[in-house]
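# Observations on chain architecture
In case you want the letters, here they are:
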Amino acid sequence: MIDAHPAAPTIIEPKRSPVLTARSLSFAYENNQALQGATMSIGQGEIVAVTGPSGSGKSTLMLCAAGLLRPTAGQVIYNGQVVNEMSEAKRSKLRRTEFGVLFQFGQLVPELTAVENVALPLLLSGAKRKPALLVAGNWLERFDVAALADARPTDMSGGQGQRVAAARSMVTEPTVLFADEPTGALDALSSEQVMTQIARVARDTGTSVMLITHSAQIAAYGDREIIVRDGMTYSGDA
Amino acid sequence: MITLHDCFTSQIAVFDLLFTQCIVTFVTTGHVLMGLLLQSERHGYDLKAEHDHRFPTARPLAFGQIYAALKRLQKNGFVEAVGTEKADGPERTIYGITDAGRAELNAWLDKIDHPIETVANPFAVKATIALLVADRDVASRYLSRQRAAHLDAMRTFTRIKTDPQRSFSDVLSADYAIAHLDADLRWLDTALERLLTLEQELQND
Ligand SMILES: Nc1ncnc2c1ncn2[C@@H]1O[C@H](COP(=O)(O)OP(=O)(O)O)[C@@H](O)[C@H]1O
Ligand SMILES: [Mg+2]
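Residues numbered from 1 in each chain as written. Chains lettered and ligands numbered in written order. Predicted model: local features only at pLDDT ≥ 70, side-chain atom pairs only at ≥ 80, totals over all residues. Heavy atoms only, no water.

## Notes on the interface of chain B and chain A
Taken together, the 25 residues of chain B in the interface contact 25 residues of chain A. Summing both partners gives a buried area of about 2,100 Å² for chain B against chain A, and 57% of it is carried by carbon and sulfur. Counting across the chain B and chain A interface gives four salt bridges. Here Lys161 of chain B makes a salt bridge to Glu192 of chain A, at a shortest N to O gap of 3.4 Å. Looking at the side of chain B that touches chain A, the elements with two or more residues in it are α7 (136-162) and α8 (168-204) of chain B. (Contact = heavy atoms within 4.5 Å. Buried area = accessible area lost by both parts, 1.4 Å probe. Salt bridge = Lys/Arg side-chain N within 4 Å of Asp/Glu carboxyl O. Helix = DSSP H or I, 4+ residues; strand = E, 2+ residues; numbered from the N terminus.)

Structure follows, in structure tokens:
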């Protein structure tokens, strides 16, 4: 059988030392096999674009890598620890302190202001309100939306909302940011602005990013590309 | 059943047809030089430096190309020699745009370019040849590698586009390059997808 990406090795290694490795992951939703032996790793400070047709298993791979889903086979290794064998309490702590997640839309709490939304992960980790709001304000500034601190999500444009959500995903200074189609709902120019900012902040802070996208223009912000097809992974680089 | 090979071949036939029907001058060196002379009078050396700086994504102009174009423009009355300059090197002729040159430039800017000019697809041609002389494996490997090279070029232009030091015209050029690469990439993805589907169909038969 021919391979869609025959030049691809099965094991895909980053150039820099890996912070996160997913090895031979399988996952099924009821009887729908979403992942079958997906393998990838992300290097320190690396932005890895994960592309592939819709329904190929990109989001499932991310949810497994981020410890939000438990793969039925294979391992997710973060910092030498096997994430999928940890207790739920330990995984939850890891997600809170080491990982950030950013989705396409619908993550901001509509009742809270922008700065409160950004402060939320800190507050949930037990930080005091005043310093948490101060830190959150700084992150809004980094994403150029300090002026919206007291605005509510319903009063923001799509691009503004995504910047606030991006600020929130970075507020705990995660080691790895998982971003699933972070600009998927935005028009071309807002998408570019938001993506440019996410990439810049990630580069400045040395954060590794798993960037899921179906758009080549967004994938071009990454250092490397991994293609997912039928729950399997291939290197997009020749 | 129509095979992939048929699709490619018919596509080439369509392009052949379209190409014989339209011969359009898109951007000529002459028009670019006149545009630069509109700003200020310059000698050939200066024109090259300004061109290469302003259009970083274009191929740098060779001096021979510039002097040939200037000669042609002068013959048509679009530019004229307005003086000479001698620094440490040889004496250089300084050119300026004429009224006829301005009119030509305006007429050129007014003209819509034929969209078909920009859709030549050398990748389809190569993939078809690969299918003819070799097999689907070879065609698919070629398309995969081409796809990787395209994405890599897109990374380069994305860096240019997002670099705050770059000028507005750099960003516009990068946008254009990215949009074109993106169109190619989508085609390459679809072509790979079709090859794979074709293979699966053949296996099921
Ligand atoms: N919650 C779910 N329940 C059942 N099937 C799902 C669920 N989420 C995803 N799937 C299925 O799993 C496969 C992979 O989905 P997903 O990981 O979302 O792909 P992608 O992100 O590449 O579009 C698809 O066939 C999809 O329909
Ligand atoms: Mg998805």
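Having seen it, we continue.
## So, the packing of helix α2 (residues 29-39) of chain B against helix α5 (residues 99-110) of chain B
Residue and element names in this part refer to chain B. Axis separation between α2 and α5 bottoms out at 10 Å; the angle between their running directions is 120°. With respect to α5, the axis of α2 lies oblique. For α2 against α5, the interelement crossing comes out left-handed. In this structure, α2 uses His31, Met34, Gly35 and Leu38 to contact α5, whose residues at the interface are Gly101, Arg102, Glu104, Leu105 and Trp108. For the contact of α2 with α5, the class distribution of residues is four nonpolar, three polar and two charged. (Axes fitted to C-alpha atoms, helices over the stretch in contact; angles between N-to-C directions. Parallel < 35°, antiparallel > 145°, perpendicular 65-115°, else oblique. Left-handed = near helix turned anticlockwise from the far one by under 90°. Nonpolar A, V, L, I, M, F, W, Y, C, P; charged D, E, K, R; others polar.)

## Topic: the site of ligand 1
Residues and elements named next belong to chain A. Around ligand 1, the surrounding shell consists of Tyr29, Asn32, Ala34, Pro53, Ser54, Gly55, Ser56, Gly57, Lys58, Ser59 and Thr60. Asn32 is positioned such that a nitrogen or oxygen atom in its side chain is 3.3 Å from an oxygen atom of ligand 1. Interatomic distance of 2.7 Å between a backbone N/O atom of Gly55 and an oxygen atom of ligand 1. In the complex, the protein chains occlude 60% of the 560 Å² of accessible area that ligand 1 would expose alone. Only β2 (32-43) and α1 (58-65) provide two or more residues apiece to the shell around ligand 1. Ranked by residue count, the leading element in the shell around ligand 1 is α1, at three residues. (Near = heavy atom within 4 Å. Polar contact = N/O pair within 3.5 Å; in protein donor to acceptor, adjacent residues only side chain to side chain. Areas by Shrake-Rupley, 256 points an atom, 1.4 Å probe, with all protein chains shown as cover.)

## Focus: the pattern of salt bridges
Here the structure, examined in full by the defined rule, presents 16 salt bridges over all chains. Here Arg229 of chain A and Glu193 of chain B are joined by a salt bridge, their closest N and O atoms 3.1 Å apart. Of the two residues, Arg229 of chain A is situated in strand β9 (residues 224-229) and Glu193 of chain B in helix α8; the pairing between them involves two chains. Under the relative-accessibility criterion, Arg229 of chain A is labelled buried at 9%. (Buried < 20%, exposed > 50% of the residue type's maximum accessible area, 1.4 Å probe, protein only.)

## Points about the pairing of strand β7 (residues 176-180) of chain A
Residues and elements named next belong to chain A. In terms of burial, β7 is a largely internal element, five of the five residues being buried. Alternating positions in β7 separate into two faces, Val176, Phe178 and Asp180 on one and Leu177 and Ala179 on the other, with burial throughout. Two elements, strand β6 (residues 99-102) and β7, share four bridges in a ladder whose sense is parallel. Bridge pairing in β7 links Leu102 to Ala179. Here five bridges tie β7 to strand β8 (residues 208-212), and the two strands are oriented parallel to one another. Bridge pairing links Val176 to Ser208 in β8. Once the chain exits β7 it traverses helix α6 (residues 188-205) before rejoining the sheet at β8, and the crossover so formed is right-handed. (Pairing = 2+ DSSP bridges. Right-handed = clockwise from strand over helix to strand, strands pointing away.)

## Quick word on the domain arrangement of chain B
Frequently, the measure chosen for interface size is the accessible area removed from exposure when the parts meet. All names here are of chain B. Per the domain assignment, the segments of chain B are domain 1 (27-110) and domain 2 (121-204). Across the boundary between the two partners, domain 1 contributes four residues, which contact five residues of domain 2. For the pair domain 1 and domain 2, the two sides together bury roughly 360 Å², of which 57% comes from carbon and sulfur. Scanning the region where domain 1 abuts domain 2 turns up zero salt bridges. The interface formed by domain 1 and domain 2 includes zero residue pairs in polar contact (both at pLDDT 80 or more). Taken together, the residues of the side of domain 1 that touches domain 2 sort by class into one nonpolar, two polar and one charged. (Domains from an automatic or database assignment.)

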